[in-house]
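# Observations on the three-dimensional arrangement
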Amino acid sequence: MLTLITSILPIASTILDRILPEKVEKDKIKAAIQAELINNTAEIERLAANNIKAEIQGESWLQRNWRPMLMCLFGYIIAHNHIIAPILSIEFLPMPQPLWELLKIGIGGYVISLGAEKSIKTWRNN
């Protein structure tokens, strides 16, 4: 979610720069947008957490485990192409660009969410 919020701010800023001529007015609106996003971050993250909880508590084994299985598959493809294939002189497994993008988003989201979670806990404790 943090990625979504940080990507919305520059877009809104660019739009405001094109629409509003006065800098003072732009700055006020940008501050208001940022404040609203920050105020709603907790709600957005709560909804995302509820979705993940629903998946974890799902009825079928596949419903509960599809994300970890997908990430393990990607991990194997990377290990195969960069460790196993060169050592054993075997063919590389194809990794289409859309799958690579999905992997980067998945790992990036995981890393960012863990970092944000730790930062929020630290901030609340101080």
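Worth saying up front: this structure is predicted, and the values here are computed from it rather than measured.

Scoring rules and cut-offs
Residues numbered from 1 in each chain as written. Predicted model: local features only at pLDDT ≥ 70, side-chain atom pairs only at ≥ 80, totals over all residues. Heavy atoms only, no water. Helix = DSSP H or I, 4+ residues; strand = E, 2+ residues; numbered from the N terminus. Buried < 20%, exposed > 50% of the residue type's maximum accessible area, 1.4 Å probe, protein only. pLDDT = per-residue confidence, 0-100. Contact = heavy atoms within 4.5 Å.

### Overview of the environment of I15
In this structure, I15 sits in helix α1 (residues 2-19). A residue is classified by how much of its surface remains accessible, and I15, at 44% relative accessible area, is partly exposed. Between the C-alpha atom of I15 and that of K26, which follows or precedes it by 11 residues, the distance is 9.9 Å.

### Re the confidence of the model for the chain
The predicted model of the chain has a mean per-residue pLDDT of 75, with 74% of residues at 70 or higher. The lowest-confidence element of the chain is α1, averaging 66 in pLDDT; the highest-confidence one is helix α3 (residues 61-88), averaging 85.

### Quick notes on the side chain of H80
Its location among the elements puts H80 in helix α3. On the basis of relative accessibility, which here comes to 7%, the residue H80 falls in the buried class. Contacts of H80, omitting those with residues within four sequence positions, involve A85, P86, I90, E91, F92 and L93.

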